[in-house]
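Below are the chains, spelled out letter by letter.
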Amino acid sequence: MASSPYGSHYLSFFACKPGGESGIPSVSHYFNLPVVRLTPLGIPSLQLNLCTPADFYFSQPLYGESRQLKLSQGGRNLGICGIVGKRSILVPIKAMESSKTTSPINGNAGSFRQSGCNSGYDVLRNECDDFSDKSMAQMSTIGNSTNIVWHKCIVEKSDRQQLLGQKGCAIWITGLSGSGKSTLACALSHGLHARGKLTYILDGDNVRHGLNSDLGFKAEDRAGNIRRIGEVAKLFSDAGVICIASLISPYIKDRDACHLLLPEGDFMQVFMDVPLRVCETRDPKGLYKLARAGKIKGFTGVDDLYESPLNSEIVLHQHGGMSDSPTNLAEIVISYLETKGYLEA
């Protein structure tokens, strides 16, 4: 039986190939029921080994005296090896939002469907209209990935947000090299950390040290770089973390594609509106000088285009002279997050 630090347990089913017995089965299908948690009394085991795969339904409740249970398939009773806890120590933890739970193993996937069930506890009590596996899990093809199934777990984004006391989102800071993106990202992370909020920065250069070290700076590589960072930002947001992505991301279509990855409102674009001449004067990495000397090709702002955003949530301007401190700029973003309710669960 699997468990989490928060007490959620999973009732696991292993469908064996014909002739299989308890012990180490030859697995052809696998099911996880996140439906019970244990009281301090505990249960020795709730792992059941089914000795036939595919369609089945419960012929009797999964609680009561410790004994061997039975399933039925096509009118035949199937033996199940396992120990079942008393009804008094099985309690519901959450209504299952989906009518189907699946988990693939070795390229195969089993599934079950509870028609008329309001929760996993209904399944345990056999109080559903029916319990059958009339259809296999819905397979998907995403890009070059085929025969994949999304495995939905009982702990969701809202649960993680409640734990952290904040809402997950992605703050996408875009602008020319030298516009202050990384400086703002660090100031923003520091300001939120001081408020007890969990953040993570995805800096364009930092990510290229590892995850995106196989990508160059051609247009197609830049698109791939931005897509990967967008997907990682989506995962951080789903984890309940305030993710701060800081990278040039010069093309509107690539930034918009990342925007569409996240739920409405969870992607906030911050445009560092600093003129090229100011950025080139700063030139903190000496890259503009190298680009002007022809030693770097395809450098944004010199011989490659930067497409300014048209619909950013926040625009931070500097058109010469003294600019606001990074701390003051970070406070503008923090105020926006606070107004939108992202600093509370």
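Overview of the structure. Each chain carries its own residue numbering, running from 1 in the direction its sequence is written. The predicted nature of this model means local features are confined to residues of pLDDT at least 70 and side-chain atom pairs, given and counted, to a pLDDT of 80 or more, with totals for whole chains, interfaces and linings taken over all residues. The side-chain quantities take in all heavy atoms of the structure and omit both hydrogens and water.

## A few points about the pattern of salt bridges
For this document, the term salt bridge refers to a Lys or Arg side-chain nitrogen within 4 Å of an Asp or Glu carboxyl oxygen. The tally for this structure, following the rule as stated, stands at nine salt bridges. Between D205 and K285 there is a salt bridge, with the nearest N and O atoms lying 2.8 Å from each other. On the criterion of sequence distance, the pair formed by D205 in helix α4 (residues 204-208) and K285 in the loop between α7 (276-282) and α8 (287-292) is long-range, its members being 80 residues apart. The exposure class assigned to D205 is partly exposed, which follows from its relative accessible area of 38%. Linking D304 and R222 is a salt bridge whose minimum nitrogen-to-oxygen distance equals 3.4 Å. Pair noted here: D304 is in the loop between α8 and β17 (314-317) and R222 is in helix α5 (residues 219-238), with a separation of 82 residues, a long-range link. Note on exposure labels: buried denotes an accessible area under 20% of the residue type's maximum, exposed denotes more than 50%, and partly exposed covers the range between, all computed with a 1.4 Å probe on protein chains only. A relative accessible area of 23% means that D304 is categorised as partly exposed. Under the DSSP-based scheme used, a helix requires at least four consecutive residues in state H or I and a strand at least two consecutive residues in state E, with every element numbered from the N terminus.

## Some remarks on the sheet that holds strand β15 (residues 242-246)
If DSSP finds at least two bridges between two strands, the strands pair. The strand order β14-β15-β13-β16-β17 describes an open sheet built from five strands, whose pairing is parallel. Across the chains shown, the open sheet's two edge strands, defined by having one partner strand only, are β14 (199-203) and β17. The sheet shows a mean angle of 15° between the axes of neighbouring strands, taken without regard to direction. In this sheet, β15 lies alongside strand β13 (residues 169-174) in parallel orientation, the contact comprising five bridges. In the strand pairing of β15, I173 is matched with S246. Note on method: axes are straight lines fitted to C-alpha atoms, helices fitted across the in-contact stretch only, with angles between N-to-C directions ranging 0 to 180 degrees.

## Some words on helix α3 (residues 181-194)
Residue count minus one, scaled by 1.5 Å, sets the expected span of a helix. With 14 residues, α3 extends 20 Å from end C-alpha to end C-alpha; this agrees with the ideal 20 Å at 1.5 Å per step. Restricting attention to buried positions, one finds in α3 the residues K181, L184, A185, A187, L188, S189, G191 and L192. For α3, the elements touching its buried residues are β13, β14, β15, β16 (267-273), β17 and α9 (326-339). Just past α3, the residue G196 takes up positive phi, approximately 80°. Throughout, a contact is declared for two residues whenever any of their heavy atoms are within 4.5 Å.

## Notes on the environment of P284
Looking at where P284 falls in the secondary structure, it is placed in the loop between α7 and α8. On a C-alpha basis, the gap between P284 and S179 in space is 9.8 Å, while along the polypeptide they are 105 residues apart.

## Overview of helix α6 (residues 252-261)
For α6, every residue scored as buried is listed here: D254, R255 and C258. Taken around the axis of α6, the buried residues stretch over an arc of 100°, which confines them to a single face. Across from the buried face of α6, at angles greater than 90 degrees, the exposed residues are K253 and L260. In this structure, the buried side of α6 is in contact with β13, α5 and β16. Taken from the helix axis, the directions to the C-beta atoms give the arc we talk about.

## Side note on empty space enclosed by the protein
Cavity: a set of points on a 1 Å grid over the protein atoms alone where a 1.4 Å probe fits but cannot get out. Pocket: an open set with protein on both sides within 12 Å along at least five of seven lines, its lining residues, like those of a cavity, having an atom within 4 Å of a point. Grid points are joined across faces, edges and corners, and a volume is the space filled by probe spheres set on the points. Summed over all chains, the structure comprises two cavities of 30 Å³ or more. In this structure, the second largest cavity encloses a volume near 50 Å³. Residue contributions to the lining of the second largest cavity peak at three residues, all from α6.

## Things to note about the packing of α5 against α6
Contact geometry of α5 with α6 gives a least axis separation of 9 Å together with a crossing angle of 20°. When the interaxial angle is binned, α5 and α6 end up roughly parallel. Between α5 and α6 lies a crossing whose hand is right-handed. Only D254, C258 and L261 of α6 make contact with α5, whose side of the interface consists of A223, I226, G230, E231 and K234. Note on terminology: angles under 35 degrees are roughly parallel, angles over 145 are roughly antiparallel, angles of 65 to 115 are roughly perpendicular, and the others are oblique. Handedness of a crossing is defined here by the sense of rotation of the near helix relative to the far one, left-handed for an anticlockwise turn of less than a right angle and right-handed for a clockwise turn.

## A few points about the packing of aromatic side chains
For Phe, Tyr and Trp, rings pair up if their centres lie within 6.5 Å, where Trp contributes its six-membered ring, and each pair is then called stacked (planes under 30 degrees apart), edge-to-face (over 60) or tilted (otherwise). With the rule as written, the count across this model stands at four aromatic pairs. Between the aromatic rings of F271 and Y306, the centroid separation amounts to 6.2 Å while the plane-to-plane angle is 20°, which identifies the pairing as stacked. Of this pair, F271 sits in strand β16 while Y306 is found in the loop between α8 and β17, placing the two residues 35 residues apart along the sequence. Note on geometry: a ring has a charge over it if NZ (lysine) or CZ (arginine) is within 6 Å of the ring centre and within 35 degrees of the ring normal. The ring of F217 has R208 sitting right over it, with the charged end atom 3.9 Å from the ring centre.

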